[in-house]
Structure formats: C-alpha cells, structure tokens
Amino acid sequence: MTKKSASAQSVTAKSLPVHLSSEAGFAKIAKLLSPAARQFSEGMGFAAKSGAMLVVPGTDGKPEAALFGTGSDEGLADNPFLAGKLATDLPPGRYHLAGKVAKPQLVYLAFLLGKYRFSRYRKHDLRDVTLDAPEGCDAATIERTAEIICMGRDLINTPANDLTTADLAAAAKALAKAHKAKFKEIVGDDLLEENFPLIHAVGKASAVPPRLVDIRWGATDAPKVTLVGKGVVFDTGGLDLKTSASMLLMRKDMGGAATALTTAALIMASGINVRLRVLLPIVENAVSGLSFRPGDIYPSRKGITVEIGNTDAEGRLILADALTLADEEKPDLLVDFATLTGAARVALGPELPPFYTDDEALAAEIARISGETHDPVWRMPLWKPYQAMLDSKYADTNNTGASGFAGSITAALFLKRFVSDTSAYAHFDIYGWNPSAKPGKPEGGEPQAARLVAALVAKRFAQK
Ligand code: BES
Ligand code: MG
Ligand code: ZN
C-alpha cells in the first residue's frame, strides 16, 4: 500500500459526522445516534438552538458524532454562513456533514472563510478542523473562491507601514501577472502629466507617491467590465485631521481596491469571456507641507472644477478621476467599491453596504444576486434634489455638503457626476471590515460584495 492511500484510508475512517438539526427536527436526528450518544445529548440538554454545538460520545467513550443546531432553519438554507461556526467551535479533527445539506456550496465556503485568521505577524490560534466538501459541491471552485477572498482580507488587514501605495500597486501587479493580465501604473507627477489632477492632489503629501493602477484582462472584443476601487492606504483625514478614534482603523481605507482586486480575481479565475479592466487610484491621505487644503480648488480629469470643503472627503476625489477614465470607453458594466463614508454605517450598519445605481434593471439584478450569494447589500437612492448640497460658490462643485445630512447619498451623487456615458454603473459604499466575529466572518478585513459582483458578471456575460 502506498503512503498516499494509507493516509486517505485513515482520513475516511476518522471523519466524524456532523448532524445539522433544526429545533423541531432534533427528535428525528436523535434517532440516528447510538443510545449512549442520544442519552448524552439529552443529559446535556442539547436542543439544536441556532449555532449550538455538541460532540457526543459512543459506547466506547470516543466521539461518535457532532450535533449542530440550526435553530428554526432547516439545514442552513436561510443562513448557510452559520456553518462558519464549525470552523471555530469543533474540536480538532476531520468531519463531514451527515444527510442532505441545503446550499452545500455556500455552507462549505462559510466553513473555509470561518477558518481564516490574519497571521502575518503572529501564528494564529485556530484548532485544526477540516471538513470534507459536502456532496453537490464543486470543492475546487469553492476552495479557490475562499482563497481569493482571504487574499482580499489579508490586503485590508495589513497595516499601512507594510502596505504603502507602492506595496498595494505591487500586490495588484502580482495578481495581474498570475492571471496573465496587462498591468500599467501612472505614478507621482506623471499623474498631472496624464491628467489625473485629483488623484495627484490627494496623494502628493505622502512620502510614497500616489498612483493609478490600470489592469486589463481578457479578449478585447468581449463585453467590457470595469471595476474601480478606492485605494487609500491610510486616511488621516488630511489637514482636516481625524480624531484618534476615527483614525484608528483607517488602514482599511483601501478596502475598495482590495474588493475590486478580489472581484477581479474571482472573474479571472472563472475564465469568463469578458474584457475586464481594474482601475485603482491609490494614495495615502497624509499630512505635510504639501497637503491639499480646505478651500483649494482643483480641476478634475472630467473638466469639472472641485472646491475642497473637507480634505477628509478624499475618496470621492480620487475616484472621480478614475471613474472619468473608466467612463471614457463606455464599458458595458462599471462598478466601484469604496469605504467612502461613515454615513453609510450610520444608515445601514457595518454588515449591509448600500449600493447606488440609476439603472433599474441592474438594481433588481444586484438585489436578487445579493440574496442568492448571501452577500448582503441594500439599495439607496441617488436622490437628485440633494445634489444642491454640493454646490460651491467658486467652483463647479464642492467635495462635501456643509450640512452633514445624507452623507452617503451626497458622496454617491458626487461620483455620479463623473460618469456620464456608461448606463450600467453601480457604486458600493462598503465598510470593508467585520467589527466583531460572526460565523464565517472573522473580525477584520472583509471584501464585501466581491462575490456578488463576480456572480453578477458571470450571469450577465456568461452566454457569450
Ligand atoms: N474613509 C472615510 C470614510 C469611512 C470612515 C469609512 C469610517 C468607514 C469608516 C472617508 O474618507 C471619510 O473620511 N469620509 C468622511 C466624509 C466627510 C468629511 C464628508 C466621513 O464619512 O466622515
Ligand atoms: Mg477621509
Ligand atoms: Zn477615506
């Protein structure tokens, strides 16, 4: 017997069943257990409450099975992400899911995503739990998806001292290379030369120069999909400096760029026939004698002049120039991701990013696929009357509204001014971060809506 088959055999022999059970269905599940295991579960008062877990021993005292409560849900159909709890709560070992599993792909994905820890600076403390891919699940695809999402998480989690503008561009370059995509970047003063005045203005105070990354992949005659991501490697607020509490997490302000890269990797790995373009304006919003100032007025690539009402509203400025470039070739689909406003969090909280689009068909499709992929987002309105909040006395527009009202909407309206020719355009105001651990969503960086947008692209353009 070869070594390989020996280990494969012992692996199968050792794999413990995990019984998923709703509260109502537990009596039936209990019948599948040995009398010893059943008595143990009764003695422990196991009632299959949502997320409850119990390992039950057989007559020999060794673990016989694990029980996992799904609450009122039958088989995790409502919340497949609950399976992420298996990764953190099961004792070390190898497991498989017993019986029929609803949404096996998402259940397996949630498990794999639940196993993630950011371990660049310290070994993580997770137990060694493995789960056999549930039946009806394309294991290789799901494992690849999980890997790609964890790449995005790593990028967001990496602090700004190890993720400068140059480092983020290098990560984008490495991804492009891995997928044989074309990579181009415009750096520093060349941004002025090539007419990206706003990216330059925001990024010029930093010791590491600003840049615009431009990745192209796929056949030139395929439908054009362009992803744009806010890449602020650190947001001090600029001269309108943030408070300590507000600044603390601002390494995640490149979450939009990380999400665009994650989405791009999902699309490229799936090999779908689109001409993909990824545009990442990458800057550090730093403080120095070179900082752009409140009251400054800059031209933009689009020709719209912009008065700076607040240097902390930097994301929309760099996105404006990148979106203008994206819009110049009128893509069939244009999506941007940005950790753009604190106001989005006030409105919907950290787990439900708002998205904005004037394209009704696109909005409906995003909402539907959001449900299918369990990648939650919620539509908010591009409410035209609020455009007036951005009026400037001296320039075509201000970058902020003075009132502070409707901050996420006015930011979206600002972006929309720079997209005039592309009809299928959606903007996602993401948080990019899990403030506390939830099943399948460990605390820290999260490329929200990446799976959703990759699925959207697959649905829209797969038939080609
Ligand atoms: N990166 C922030 C937005 C942000 C803050 C996202 C906290 C997630 C959590 C952005 O650059 C910013 O500072 N926005 C300001 C805009 C304001 C000055 C109009 C905000 O939301 O306070
Ligand atoms: Mg800011
Ligand atoms: Zn920012």
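Preceding this paragraph is the structure being described.
The following refers to the structure shown. (Residues numbered from 1 in each chain as written. Chains lettered and ligands numbered in written order. Predicted model: local features only at pLDDT ≥ 70, side-chain atom pairs only at ≥ 80, totals over all residues. Heavy atoms only, no water.)

## Digging into the overall build of the protein
- Within the protein one finds 16 helices and 19 strands.
- Compactness check: the protein gives a C-alpha radius of gyration of 24 Å against a globular reference of 23 Å for 464 residues, within 12% of the reference.
- Counting only C-alpha atoms, the protein reaches 80 × 50 × 45 Å along its principal axes.
- Put simply, the protein has 464 residues, and 55% of those count as buried.
- With an accessible surface of roughly 19700 Å², the protein has 55% of that area assigned to carbon and sulfur atoms.
- Charge separation in the protein, taken as the distance between the mean sites of 53 positive and 52 negative side-chain charges, equals 5 Å. (Helix = DSSP H or I, 4+ residues; strand = E, 2+ residues; numbered from the N terminus. Rg over C-alpha atoms; globule rule 2.2 N^0.38 Å. Buried < 20%, exposed > 50% of the residue type's maximum accessible area, 1.4 Å probe, protein only. Areas by Shrake-Rupley, 256 points an atom, 1.4 Å probe, with all protein chains shown as cover. Lys, Arg positive; Asp, Glu negative; His and termini not counted. Charge placed at Lys NZ, Arg CZ, Asp CG, Glu CD.)

## Some thoughts on the coordination of the zinc ion (ligand 3)
- Bound to the zinc ion (ligand 3) on the protein side are Lys230 (NZ), Asp235 (OD), Asp253 (OD) and Glu314 (OE), at distances that span 2.0 to 2.4 Å.
- The site at the zinc ion (ligand 3) holds six donor atoms, and with the angles between them running 78 to 174 degrees, its shape is octahedral.
- When the donors of the zinc ion (ligand 3) are listed by position in the chain, the intervening gaps give K-x4-D-x17-D-x60-E.
- Between the zinc ion (ligand 3) and the magnesium ion (ligand 2), a separation of 3.2 Å is found, and both are coordinated by Asp235. Here the residue Lys230 occupies a position in the loop between β8 (224-229) and β9 (231-235), and Asp253 occupies one in the loop between α10 (244-247) and α11 (255-270), the gap between them amounting to 23 residues. Exposure class is identical for Lys230 and Asp253. Each is buried. (Donors = N, O, S within 2.8 Å, 3.2 Å for Na, K, Ca; no water. Tetrahedral: all angles 85-135°; square planar, octahedral: opposite > 155°, others 65-115°.)

## Observations concerning the coordination of the magnesium ion (ligand 2)
- Every protein donor of the magnesium ion (ligand 2) is accounted for by Asp235 (OD), Asp312 (O), Asp312 (OD) and Glu314 (OE), and the metal-donor separations fall at 2.0 to 2.2 Å.
- Classification of the site at the magnesium ion (ligand 2) as irregular follows from its six donor atoms and the range of 73 to 169 degrees in their angles at the metal.
- Donor residues for the magnesium ion (ligand 2), ordered by position in the chain, follow D-x76-D-x1-E.
- Here Asp312 falls in the partly exposed class, since its relative accessible area comes to 23%.
- When its relative accessible area of 0% is taken as the criterion, Glu314 is described as buried.

## A few points about the packing of aromatic side chains
- This model, assessed by the stated rule, comprises six aromatic pairs.
- Ring geometry for Phe118 versus Tyr121: centroids 5.8 Å apart, planes at 65 degrees, classification edge-to-face.
- Seen in terms of ring centroids, Phe414 and Phe418 are 5.2 Å apart; in terms of plane orientation they differ by 45 degrees. Their pairing is tilted.
- For Phe414, a relative accessible area of 0% puts it in the buried group.
- The exposure class assigned to Phe418 is buried, which follows from its relative accessible area of 0%.
- One aromatic cluster in this structure is built from Phe337, Phe355 and Phe428.
- Stacked on the ring of Tyr431, the Lys or Arg Lys252 has its end atom at 3.9 Å from the ring centre. (Phe/Tyr/Trp six-rings, centres within 6.5 Å; stacked < 30°, edge-to-face > 60°. Lys NZ or Arg CZ within 6 Å of the ring centre and 35° of its normal.)

## A short note on the pattern of salt bridges
- Tallied over the full model, the rule gives 25 salt bridges.
- One salt bridge in this structure joins Glu446 and Arg153, with 3.0 Å as the shortest N-O distance. Pair noted here: Glu446 is in the loop between β19 (444-445) and α16 (450-461) and Arg153 is in helix α6 (residues 139-157), with a separation of 293 residues, a long-range link.
- Linked through salt bridges whose partners overlap, the residues forming this network are Asp214, Arg216, Arg275, Arg277 and Glu329. (Salt bridge = Lys/Arg side-chain N within 4 Å of Asp/Glu carboxyl O.)

## Details of the packing of α11 against α16
- Contact geometry of α11 with α16 gives a least axis separation of 9 Å together with a crossing angle of 40 degrees. The angle between α11 and α16 places the two elements in the oblique class. Relative to α16, α11 is oriented so that their crossing is right-handed. The residues of α16 that touch α11, namely those facing Thr259, Thr262, Thr263, Leu266 and Ile267, are Ala450, Arg451, Val453, Ala454 and Val457.
- Tallied by class, residues from the contact of α11 with α16 come to six nonpolar, three polar and one charged. (Axes fitted to C-alpha atoms, helices over the stretch in contact; angles between N-to-C directions. Parallel < 35°, antiparallel > 145°, perpendicular 65-115°, else oblique. Left-handed = near helix turned anticlockwise from the far one by under 90°. Contact = heavy atoms within 4.5 Å. Nonpolar A, V, L, I, M, F, W, Y, C, P; charged D, E, K, R; others polar.)

## Observations concerning the site of ligand 1
- Around ligand 1, 16 residues are found, and the nearest of them are Lys242, Asp253, Asp312, Glu314 and Gly342.
- A distance of 2.8 Å separates an oxygen atom of ligand 1 from a polar atom in the side chain of Lys242.
- Here an oxygen atom of ligand 1 and a side-chain polar atom of Glu314 are 2.8 Å apart.
- Across the complex, the protein chains shield 77% of the 510 Å² of accessible surface that ligand 1 would expose by itself.
- Residue composition of the shell around ligand 1, by class: three nonpolar, five polar and eight charged. (Near = heavy atom within 4 Å. Polar contact = N/O pair within 3.5 Å; in protein donor to acceptor, adjacent residues only side chain to side chain.)

## Brief notes about a negative patch on the surface
- On the surface, Asp189, Asp190, Glu193 and Glu194 cluster together to form a negatively charged patch.
- Following the sequence through the fold, Asp190 ends up in helix α8 (residues 190-193). (Patch = residues over 30% accessible without salt bridge, like charges linked within 9 Å, V, L, I, M, F, W, Y side chains within 5 Å.)

## What to know about the pairing of β8
- Across the six residues of β8, five count as buried, placing the element largely inside the fold.
- Both β8 and strand β10 (residues 275-285) contribute to a ladder of five bridges, which runs parallel. In the sheet register, Lys224 faces β10, and the bridge partner there is Arg275.
- Pairing of β8 with strand β13 (residues 333-338) involves five bridges; the strand directions are parallel. Bridging across to β13, Val225 finds its partner in Leu333. (Pairing = 2+ DSSP bridges.)

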